[in-house]
Amino acid sequence: MKLNDDDITLKGDRIIAHVPSIKDKALRINLNENIYGTFAEIGAGQETVRHFFRSGGSSGTIAKAMSAYDKDFSDAIYGTEEDGRYVTESRLKTMLGHEVSIMEERLKREKHPSKVFFSYANTVATIDFAKQFKGHGWVGIRYQVEPDEDYNEITLHIRFKENDAKLQQETLGILGVNLIYGAFYKYNDPKKLLRYLYDHLDKDQLEIDTINFAGPRFADVDNRLMSLQLVKNGMTDAVMFDPQGHNVLPAAILYKKNILALRGSFRPVTKVNMDMYEKSYKMFLEENKVDREKTLVVFEITLSNLRSEGEIDERDFMDRAELLCSLGQHVMISNFQEYYKVVEYFSSYTKARMGLAMGVSNLIDIFDEKYYRHLSGGILEAFGKLFYRDLKVYLYPMKDEHGVVIDSENLKVHPRMKELYKFFKFNGKVIDISDVDTNNLDIFSREVLKMINKGKTGWEPMLPPGIAEVIKHNQLFGYDPKKLLAEQE
């Protein structure tokens, strides 16, 4: 009897998950007699639907495939967007809505009682001839899982990393098949669905920096957690969400803005954080060429700040996000360890003014050489990237162990860094935040967190107005009224 490879296992073998080929994925969908839909692809050829045509059996799946390349044709079909642009989220949603409505109108349920309809769409700009603009796009699917069920939707924004238009087209086609396949066969686990988007793709080919799930099958999905997964999985360097807790495209919100960034653990956000924000924001607005209407404040949390014993604590992340959003702030989650990487990231979207608000201990860390050993130019290369533009650091003081207030005038850096620090200080790159209430300097978020976890009282006055109520009402950061009663007894 002939043995298949699957019949033999050797000592030391590891289980390898089987990843279906792109052809197999397309064929499985084609052979399902109930899945039926349309493809509308603009800007990079009809690369996704091509896989379904080539795999065989596509007549039972493809109701229509189109590509309205000409802007006038596109506008005639989908209408015009308010901003007049074509590679936008609103354009993608317009395309999806239009195609689904046509499906429902032309394919009667009486004739197709068991069909589950879908519409896949993308609107993309690939790399330009000068190879300066790498290209990006919006990709999405609106689909049913049951014939009598409302539609689900997955939309995502991508950035191409390859330097060849043909390669970008092929990458887009593979991504499209992965998305359609995942939508139908992996919707029960959105976190896994995210990872499967990169089947047969490498992260050097493609970046996914925004994703949103909607519909009955994703009713329990928090899109902020999905954003966190993008950073955690290395699919992108940073994600953002607005004060309403919605995922937003970083490029759209940072473009040509003056940016003031505050990095912290915000676990929880305290009076110190808000005092630093309010005073640095006021100072930033007084800078030359800083228009309030074109200024954005970003509260940034690094991935390392979300790790608990090596793992990402998702509940803790949601607690912090909820508090910051309740204060009306934009939040960014990043995997940037060093400040210069944050500045580089912002610089890819804006050439306007930038500011960093931080405490003394953070500034001292910036002048520690050990963080820059991986750079060929060491700390000088990092500082060149950090301060090459007119960036300023707004410094919040701290108390040392003897109760002495430390600011930019008396802080101590390593002797080798002393002259470098003096250079930046002399040139006005480091500015003290003045008129600070010294009572705030005795507030530490880690101590507040301990008090909350242990059910102690007295932590409420250390937080901004209304924040204690949010923590108690939503039982954030381990707050438990039973602990408080036990403490009082």
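Every value quoted in this text rests on a predicted model; they were computed, and no experiment measured them. (Residues numbered from 1 in each chain as written. Predicted model: local features only at pLDDT ≥ 70, side-chain atom pairs only at ≥ 80, totals over all residues. Heavy atoms only, no water.)

### Comments concerning the pairing of strand E13 (residues 330-334)
Taking burial as the measure, the five residues of E13 include five buried ones, the bulk of the element. Here strand E7 (residues 238-241) runs beside E13; their pairing, made up of four bridges, is antiparallel. The residue of E13 that forms the bridge with Met 240 is Met 332. In this sheet, E13 lies alongside strand E10 (residues 295-302) in parallel orientation, the contact comprising five bridges. Residue pairing across strands places Glu 300 opposite Met 332, the latter belonging to E13. (Buried < 20%, exposed > 50% of the residue type's maximum accessible area, 1.4 Å probe, protein only. Helix = DSSP H or I, 4+ residues; strand = E, 2+ residues; numbered from the N terminus. Pairing = 2+ DSSP bridges.)

### Things to note about the packing of aromatic side chains
Ring pairs (aromatic) are described by centroid distance and by the angle formed between their planes. Enumeration according to the criterion identifies 24 aromatic pairs in this entry. The interplanar angle of 50° and the centroid separation of 6.4 Å between the aromatic rings of Tyr 340 and Tyr 372 together place this pair among those described as tilted. Here the residue Tyr 340 occupies a position in helix H11 (residues 339-347), and Tyr 372 occupies one in the loop between helix H12 (360-366) and helix H13 (378-387), the gap between them amounting to 32 residues. Here the aromatic cluster, defined as three or more aromatic residues joined through ring pairs, consists of Tyr 340, Phe 367, Tyr 372, Phe 383, Phe 387, Tyr 421, Phe 423 and Phe 424. Its end group placed over the ring of Tyr 36, Lys 115 keeps NZ or CZ at 4.9 Å from the ring centre. (Phe/Tyr/Trp six-rings, centres within 6.5 Å; stacked < 30°, edge-to-face > 60°. Lys NZ or Arg CZ within 6 Å of the ring centre and 35° of its normal.)

### What to know about helix H1 (residues 22-31)
Structurally, the α-helix is built with 3.6 residues per turn, so residues lying three or four positions apart point the same way. The complete set of buried residues in H1 reads Ile 22, Lys 25, Ala 26, Ile 29 and Asn 30. Looking down the long axis of H1, one finds its buried residues gathered within 135° of arc, a one-sided arrangement. Away from the buried face of H1 by more than 90 degrees, exposed residues Lys 23 and Leu 31 are located. The elements touched by buried residues of H1 are strand E1 (35-42), helix H2 (47-55), helix H5 (165-185) and helix H6 (190-196). (Arc of directions from axis to C-beta. Contact = heavy atoms within 4.5 Å.)

### What to know about the pattern of salt bridges
Across all of its chains, the model carries 29 salt bridges by this definition. Linking Glu 287 and Lys 392 is a salt bridge whose minimum nitrogen-to-oxygen distance equals 3.0 Å. Note that Glu 287 is positioned in the loop between helix H9 (271-285) and E10 and Lys 392 in strand E15 (residues 392-396), a separation of 105 residues in sequence. Lys 392 carries the same exposure label as Glu 287, and that label is buried. Note that Glu 369 is salt-bridged to Arg 416, the shortest N-O span being 2.6 Å. You can see Glu 369 sitting in the loop between H12 and H13 and its partner Arg 416 sitting in the loop between strand E17 (405-406) and helix H14 (418-426), a full 47 residues away along the chain. In this structure, a network of salt bridges that share partners links the residues Asp 75, Glu 81 and Arg 91. (Salt bridge = Lys/Arg side-chain N within 4 Å of Asp/Glu carboxyl O.)

### Quick notes on the sheet that holds E7
Pairing in this open sheet of eight strands is mixed, and the strands run E8-E7-E13-E10-E9-E14-E15-E18 from one edge to the other. Unpaired on one side and paired on the other, strand E8 (247-248) and strand E18 (430-432) mark the two borders of the sheet. Bridging between E7 and E8 involves two bridges; their strand directions are antiparallel. Looking at E8, one finds that Phe 241 is bridged to Asn 247. Its contacts with the sheet put H9 on strand E9 (258-263), E10, strand E14 (354-359), E15 and E18, and the angle it makes with E9 is roughly 160°. (Axes fitted to C-alpha atoms, helices over the stretch in contact; angles between N-to-C directions.)

### Regarding the sheet that holds strand E6 (residues 206-214)
The six strands lie next to each other as E2-E1-E3-E4-E5-E6, forming an open sheet whose pairing is mixed. Each end of this open sheet is capped by a strand with a single partner; those strands are strand E2 (62-66) and E6. Going across the sheet, the axis of each strand differs from the next one's by a mean of 10°, ignoring polarity. Strand direction decides the pairing type here: strand E5 (residues 152-160) and E6, joined by eight bridges, are antiparallel. Within E6, the residue paired with Thr 155 across the bridge is Asn 212.

### What to know about the domain arrangement of the protein chain
Domain boundaries assigned for the protein chain yield domain 1 (22-221), domain 2 (252-432) and domain 3 (445-487). The gap between the C-alpha centroids of domain 1 and domain 3 is 45 Å. (Domains from an automatic or database assignment.)

### Let's talk about the packing of H11 against H13
Orientation of H11 relative to H13, taken along the N-to-C sense of each, is 40°, at an axis distance of 8 Å. As summarised for this structure, H11 and H13 are arranged oblique, according to the angle between their axes. Handedness of the H11/H13 crossing: left-handed. Residues Tyr 339, Tyr 340, Val 343 and Glu 344 of H11 pack against Ala 382, Lys 385 and Leu 386 of H13. (Parallel < 35°, antiparallel > 145°, perpendicular 65-115°, else oblique. Left-handed = near helix turned anticlockwise from the far one by under 90°.)

### So, the packing of H2 against H5
One way to put it is that H2 packs onto H5 with a least axis distance of 7 Å and a crossing angle of 65°. Relative to H5, H2 is oriented roughly perpendicular. As H2 packs across H5, the resulting crossing turns out to be right-handed. On H5, the residues that touch Glu 47, Thr 48, His 51 and Phe 52 of H2 are Gln 169, Glu 170, Leu 172, Gly 173, Ile 174, Gly 176, Val 177 and Ile 180. Of the residues contributing to the contact of H2 with H5, the split by class is five nonpolar, five polar and two charged. (Nonpolar A, V, L, I, M, F, W, Y, C, P; charged D, E, K, R; others polar.)

### Quick look at a positive patch on the surface
Taken together, Lys 192, Arg 195, Lys 232 and Arg 307 make up a surface patch of like positive charges. Note that Lys 232 resides in helix H7 (residues 223-232). Judged by relative accessible area, Lys 232 falls into the partly exposed class, the value being 36%. (Patch = residues over 30% accessible without salt bridge, like charges linked within 9 Å, V, L, I, M, F, W, Y side chains within 5 Å. Areas by Shrake-Rupley, 256 points an atom, 1.4 Å probe, with all protein chains shown as cover. Lys, Arg positive; Asp, Glu negative; His and termini not counted. Charge placed at Lys NZ, Arg CZ, Asp CG, Glu CD.)

### Some remarks on the nonpolar core
Grouped together as the largest cluster of nonpolar side chains are 96 residues, with contacts concentrated most on Ile 154, Ile 333 and Ile 471. For this core, the element with the highest residue contribution is H5, accounting for nine residues. The contact partners of Ile 333, leaving out residues within four places of it in the chain, are Leu 228, Val 231, Asp 237, Ala 238, Val 239, Phe 241, Ile 301, Leu 303, Leu 306 and Phe 317. In terms of nonpolar packing, the next biggest core, distinct from the first, is built from 55 residues, Met 66, Leu 296, Val 360 and Ile 366 among them. (Core = buried A, V, L, I, M, F, W, Y, C linked by side-chain atoms within 4.5 Å.)

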